Structure formats: C-alpha cells, structure tokens
There are 2 protein chains.
Amino acid sequence: MREHPQGDQAGQTRDRILATAARLFAEHGYEHTPLSHVARESQVSKALVLWHFDSKEKLFRAALGRTLEPYFIDVDDLAGLAEGAQIERLIELFYEFVRDNVYSVRLFFGLILNGERRPDDVVERVNELYAIFRSLLADIIASGQLSGRFRTDVEPRLDASLILAALVGILIERFMHDEDQSAELLTYLKQTAVRRLIA
Amino acid sequence: MREHPQGDQAGQTRDRILATAARLFAEHGYEHTPLSHVARESQVSKALVLWHFDSKEKLFRAALGRTLEPYFIDVDDLAGLAEGAQIERLIELFYEFVRDNVYSVRLFFGLILNGERRPDDVVERVNELYAIFRSLLADIIASGQLSGRFRTDVEPRLDASLILAALVGILIERFMHDEDQSAELLTYLKQTAVRRLIA
DNA sequence: GTCTATATACAGATAGAC
DNA sequence: GTCTATCTGTATATAGAC
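Calculation rules
Residues numbered from 1 in each chain as written. Chains lettered and ligands numbered in written order. Predicted model: local features only at pLDDT ≥ 70, side-chain atom pairs only at ≥ 80, totals over all residues. Heavy atoms only, no water. Helix = DSSP H or I, 4+ residues; strand = E, 2+ residues; numbered from the N terminus. Rg over C-alpha atoms; globule rule 2.2 N^0.38 Å. Buried < 20%, exposed > 50% of the residue type's maximum accessible area, 1.4 Å probe, protein only. Areas by Shrake-Rupley, 256 points an atom, 1.4 Å probe, with all protein chains shown as cover. Lys, Arg positive; Asp, Glu negative; His and termini not counted. Charge placed at Lys NZ, Arg CZ, Asp CG, Glu CD. Least-squares fit on C-alpha atoms with pLDDT ≥ 70 in both. Contact = heavy atoms within 4.5 Å. Salt bridge = Lys/Arg side-chain N within 4 Å of Asp/Glu carboxyl O. Phe/Tyr/Trp six-rings, centres within 6.5 Å; stacked < 30°, edge-to-face > 60°. Domains from an automatic or database assignment. Buried area = accessible area lost by both parts, 1.4 Å probe. Polar contact = N/O pair within 3.5 Å; in protein donor to acceptor, adjacent residues only side chain to side chain.

Undergrad: Run through the overall build of chain A, naming residues and quoting values.
TA: Tallying secondary structure elements over chain A gives 9 helices and 0 strands in all. By the compact-globule yardstick of 16 Å for 199 residues, chain A is too spread out, its C-alpha radius of gyration being 21 Å. Across its three principal directions, the C-alpha atoms of chain A cover 65 × 35 × 25 Å. Counting across all 199 residues of chain A, residues that qualify as buried make up 51%. Just so you have it, chain A exposes about 9,800 Å², and 51% of that area is on carbon and sulfur atoms. Here chain A holds 24 positive side-chain charges and 31 negative ones, and the gap between their average locations is 3 Å.

Undergrad: Which residues make up the relation of the copies chain A and chain B, and what values go with them?
TA: Rotating chain A by 180° and moving it 0.1 Å along the rotation axis overlays it on chain B with an RMSD of 0.2 Å. What the superposition gives is, in effect, a two-fold axis relating one chain to the other. Ranked by how close their C-alpha atoms come to the rotation axis, the residues of chain A are headed by alanine 166 of chain A, at 1.8 Å. Both copies present the same face, since 100% of the interface residues in chain A are matched by interface residues at the equivalent positions in chain B.

Undergrad: Can you break down the environment of glycine 84 of chain B residue by residue, with the values?
TA: Residues and elements named next belong to chain B. Assignment of secondary structure puts glycine 84 in helix α5 (residues 83-100). In this structure, the C-alpha to C-alpha distance between glycine 84 and alanine 63, residues 21 residues apart in sequence, is 38 Å. With sequence-adjacent residues up to four places away left out, glycine 84 is seen in contact with Phe150 and Val194.

Undergrad: Please set out the pattern of salt bridges residue by residue, giving values where relevant.
TA: Residue and element names in this part refer to chain A. The tally for this structure, following the rule as stated, stands at 30 salt bridges over all chains. For the salt bridge of glutamate 83 with arginine 149, the shortest nitrogen-to-oxygen distance reads 2.7 Å. Taken together, the residues glutamate 83 in helix α5 (residues 83-100) and arginine 149 in the loop between α7 (120-146) and α8 (156-176) connect sequence positions 66 residues apart. The class of glutamate 83 is buried, set by a relative accessible area of 8%. Since its relative accessible area comes to 47%, arginine 149 is described here as partly exposed. Through salt bridges with shared partners, a single ionic network connects Asp77, Arg89, Glu92 and Lys190.

Undergrad: Tell me about the packing of aromatic side chains, residues and numbers included.
TA: By the definition in use, this model includes 9 aromatic pairs over all chains. Between the aromatic rings of phenylalanine 25 of chain B and phenylalanine 60 of chain B, the centroid separation amounts to 5.0 Å while the plane-to-plane angle is 90°, which identifies the pairing as edge-to-face. Highlighted residues: phenylalanine 25 of chain B in helix α1 (residues 12-28) and phenylalanine 60 of chain B in helix α4 (residues 56-68), separated in sequence by 35 residues. For the pair formed by phenylalanine 25 of chain B and phenylalanine 60 of chain B, the shared burial category is buried. Between tyrosine 30 of chain B and phenylalanine 60 of chain B, the aromatic rings sit 4.8 Å apart at their centres with planes inclined by 70°, giving edge-to-face as the arrangement. Placement of the pair is tyrosine 30 of chain B in the loop between α1 and α2 (35-42) and phenylalanine 60 of chain B in helix α4, with a sequence separation of 30 residues. A network of ring pairs unites the aromatic residues Phe25, Tyr30 and Phe60 of chain A as a single cluster.

Undergrad: Which residues make up the domain arrangement of chain A, and what values go with them?
TA: All names here are of chain A. Taken domain by domain, chain A holds domain 1 (7-65) and domain 2 (70-197). A straight line from the C-alpha centre of domain 1 to that of domain 2 covers 32 Å. In this complex, domain 1 contributes 10 residues to the contact, which on the side of domain 2 involves 8 residues. Across the interface of domain 1 and domain 2, roughly 800 Å² is buried in total on both sides, 71% from carbon and sulfur atoms. Run the count over domain 1 and domain 2 and you get 0 residue pairs in polar contact (both at pLDDT 80 or more). Every element with two or more residues in the side of domain 1 that touches domain 2 is listed here: α1 (12-28) and α4 (56-68). Among the elements that take part in the side of domain 1 that touches domain 2, α4 stands out by supplying 4 residues, more than any other.

Undergrad: Residues and numbers for the side chain of glutamine 145 of chain B, please.
TA: Residue and element names in this part refer to chain B. Structurally, the position occupied by glutamine 145 is in helix α7 (residues 120-146). Glutamine 145 gets classed as buried once you look at its relative accessible area, which sits at 15%. Contacts of glutamine 145, omitting those with residues within four sequence positions, involve Phe150, Arg151, Thr152, Val154 and Pro156.

Undergrad: Run through the environment of tyrosine 103 of chain B, naming residues and quoting values.
TA: Residues and elements named next belong to chain B. As for its position among the elements, tyrosine 103 is in helix α6 (residues 102-114). For the pair tyrosine 103 and glutamate 41, spaced 62 residues apart in the sequence, the C-alpha separation amounts to 18 Å. Setting aside its immediate chain neighbours within four residues, tyrosine 103 contacts Ala26 and Glu27.

Undergrad: Run through the side chain of lysine 190 of chain B, naming residues and quoting values.
TA: Residue and element names in this part refer to chain B. For lysine 190, the position within the fold is in helix α9 (residues 182-195). Within the structure, the side chain of lysine 190 is placed 2.6 Å from the side chain of glutamate 92, a separation counted as a polar contact. Not counting residues within four places of it along the chain, the set of residues in contact with lysine 190 comprises Glu88, Ile91 and Glu92.

What follows is the structure, encoded as structure tokens:
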C-alpha cells in the first residue's frame with residue numbers, strides 16, 4: 001500500500017530519492033540535510049521530493065526504515081563452535097557490524113541522545129536487536145554452564161549485559177578518538193569475558 | 001580579560017544570559033535552541049545577546065565552558081580504603097557524577113556523535129577527564145598488584161579501560177531506556193571487576 | 001510525475017536611537 | 001548596555017503549468 005499510486009516504471013525515482021536521503025541523513029544528520037541537497041543529489045527538484053513524501057519528517061522516517069534494513073545478526077556463523085568461541089565470535093560480529101555501519105549507528109545514537117524526534121518504531125527496533133543480542137549471549141553462557149564447561153556462580157543474564165555494555169563502551173570510545181586504538185581492547189574483552197567464565 | 005569592558009555592576013546580565021543559554025543548550029541541543037528563546041528566558045532582547053557574545057557559535061562555546069565547570073573527580077574520597085574498595089568507590093563516583101549531570105553529559109555525547117561542531121577545547125577537556133579517571137583506576141590496580149592483593153597476570157591499563165568501557169556502556173543503556181534498571185548491573189560490575197582481580 | 005516560480009516562516013545578524 | 005526595527009539568507013512547503 002503506497003500513499004501515491006504508481007505507474008509502470010515502478011518507483012524508480014522515488015527509490016533514488018529515498019536512497020540519497022538515507023545516505024545524507026546518516027552522513028550529516030537531520031538538521032544539516034536540507035531538502036535542496038537531497039533534491040540536487042537525486043537529480044530532481046525539491047518539489048518532487050515533497051510530492052513523493054509529503055514532508056521532510058515523513059521522508060526522514062522512510063529513510064530510517066531503509067537504513068535499518070541491514071540490521072540483523074547472522075547466527076549461522078556460530079554453528080559447531082564451543083561456547084567460549086561462540087562468545088568471542090559474537091563479540092566480533094557485533095563489532096564488525098558497527099564498524100561497517102558507522103554512519104547509521106552514529107545517526108541512531110544521535111537520535112536517541114538528542115531527545116527530540118524519537119521515532120518510536122525505530123527506537124523500538126534497535127532495542128529489539130539489542131535484546132536479541134543479549135539473549136543470544138545469555139543463552140550461550142547458560143548452555144556452557146549446563147555442559148559443565150562454565151562455572152555456575154555467574155548470572156548469565158547479567159554477564160551478558162556486562163559484556164554488551166563493555167562492547168558499547170569500546171565503540172563509543174572509538175567514536176571519540178577517530179583513530180582506531182580499540183582493537184587491542186576488543187581482544188582483551190574477548191579474553192577476559194571468556195576466561196572468567198571457565199570452570 | 002573580557003571582550004567587552006564592563007561597568008560597575010559587573011556582568012550580571014551577561015551572566016544571566018550565559019546561565020540560561022547553558023541550560024537551554026543542554027536541554028534541547030544547539031539546533032533546537034534559537035537565540036530568541038535564550039533572549040526571552042533571560043528577559044532581554046536578541047540584540048543584547050548578540051552584543052554580549054557576537055554570534056550564536058561563540059555563545060555556545062561560552063556556555064559549554066560553564067557547563068564543564070563541575071566536571072572533576074574528588075579523589076579525597078578514596079583515602080584509607082583498600083584497593084578493591086577504592087575501585088568500587090571510583091565506579092560509584094563516576095556513575096553518580098553522570099547521574100547528576102545527565103543534561104550536559106547528554107549534550108557532550110551528542111556533540112561528539114554528531115560530528116559537526118566539535119569544539120576542540122571542550123572535547124579535549126572531556127577526554128582529559130576520561131584519561132584521568134582511567135589512570136586513577138590503572139594506578140590502583142597496579143598498586144594492588146604490588147601489595148600482593150591483586151593477581152599479577154592482568155594488565156592494569158587494559159583492565160582500567162575495560163571497566164571504564166563497561167561503565168560507559170551501562171550509562172548509554174540508561175539513556176536509551178529512561179527507567180532506571182541499571183542499578184543492578186552497576187552492582188554486578190563492581191563485584192565482577194574487583195573479584196577477577198583478587199589474587 | 002515532474003518542473004519553475006512563489007509563498008511563508010523563521011533563523012542569525014546589523015543599524016541606529018536612547 | 002539595552003532597545004526596536006530591519007536586513008538577509010535559507011528552509012519547508014504550495015500553486016499551477018506541462
């Protein structure tokens with residue numbers, strides 16, 4: 001169901017606008033992305049952008065949706081690994097994912113921190129992914145406890161939260177100092193997180 | 001040394017403007033704080049605001065400076081405690097500090113994440129405080145190793161970084177979900193961080 | 001669907017009186 | 001120092017021709 005009926009060429013132009021907008025919003029943020037730039041880089045007029053999306057706000061929401069598409073975690077990657085290795089791999093996956101999506105991750109953080117303009121559905125989706133990741137970690141820890149490889153005096157849920165918090169903290173630091181000095185710390189996190197679990 | 005010479009009443013009005021600006025910038029961010037609001041809430045005209053600070057950008061920098069003033073760590077609080085307790089106390093201090101300065105901390109994060117408008121001096125000052133905190137932690141850990149209370153197979157510098165990262169991650173999560181579910185995690189961090197150091 | 005031209009609003013900044 | 005009035009730029013959004 002679309003707001004505007006479409007002709008035979010499907011929404012080619014509409015899509016081009018959307019892709020451009022997603023890129024520009026991610027690169028420069030909402031406030032610093034005037035419709036004129038979106039229009040110019042999409043090689044259309046401002047009026048057409050608004051004809052397709054009614055308002056800048058709606059364009060923004062539509063673009064956010066597109067930006068969220070690649071957000072998922074590839075669990076297949078973990079098959080056949082021992083619990084310790086699974087945890088290390090998950091940490092790596094999270095890290096790589098953020099590294100490959102710096103722009104949009106930055107955008108989301110900014111969105112949430114700014115307070116204003118919190119598209120509830122988007123925030124919810126991000127929280128959901130966060131929760132999935134944490135559950136995955138917690139499940140692996142619990143499973144390691146059952147198999148006797150991990151010590152049983154740790155709380156899987158809290159440990160998972162702590163690992164995730166450390167991971168987020170490392171990434172934040174990476175945002176602050178542009179140069180990448182975080183690889184060392186990431187390795188240390190992997191070591192520490194797993195070692196403290198070993199029975 | 002001031003840009004504008006001052007009369008006998010010192011900079012009363014100037015100060016009121018500055019305080020208002022600091023509050024509004026922290027609450028709503030740079031983009032969503034027009035000079036007209038600063039002027040209205042300071043009960044002066046826009047022109048006067050600009051007469052005192054020349055431009056919005058300069059007003060912003062001045063306000064940031066004021067916001068940074070309460071940023072320090074009270075080391076006296078640690079005297080007489082054992083290393084483990086010192087670490088726990090430092091974690092609490094950091095946490096309480098952020099809790100008591102949510103607005104400005106949020107502002108700084110936003111500032112850094114946004115990419116645009118990175119007042120170098122301010123960012124540098126925040127980094128400095130960050131570094132001080134990390135050094136404090138690292139020194140305590142090293143001292144605990146020397147006194148034989150902590151195990152020697154951990155790297156003080158990296159361990160300090162990891163604790164700090166976890167702390168930051170917890171705070172970020174607190175920003176995302178407004179309700180405070182982070183107390184439990186904080187306690188767990190204190191326990192975990194110290195326990196893994198014990199010889 | 002796509003354009004040009006225009007309306008409207010509001011921002012930051014200036015001029016000049018007091 | 002402080003004001004009112006104004007300039008100037010730029011943003012979103014609309015009108016109407018093609």
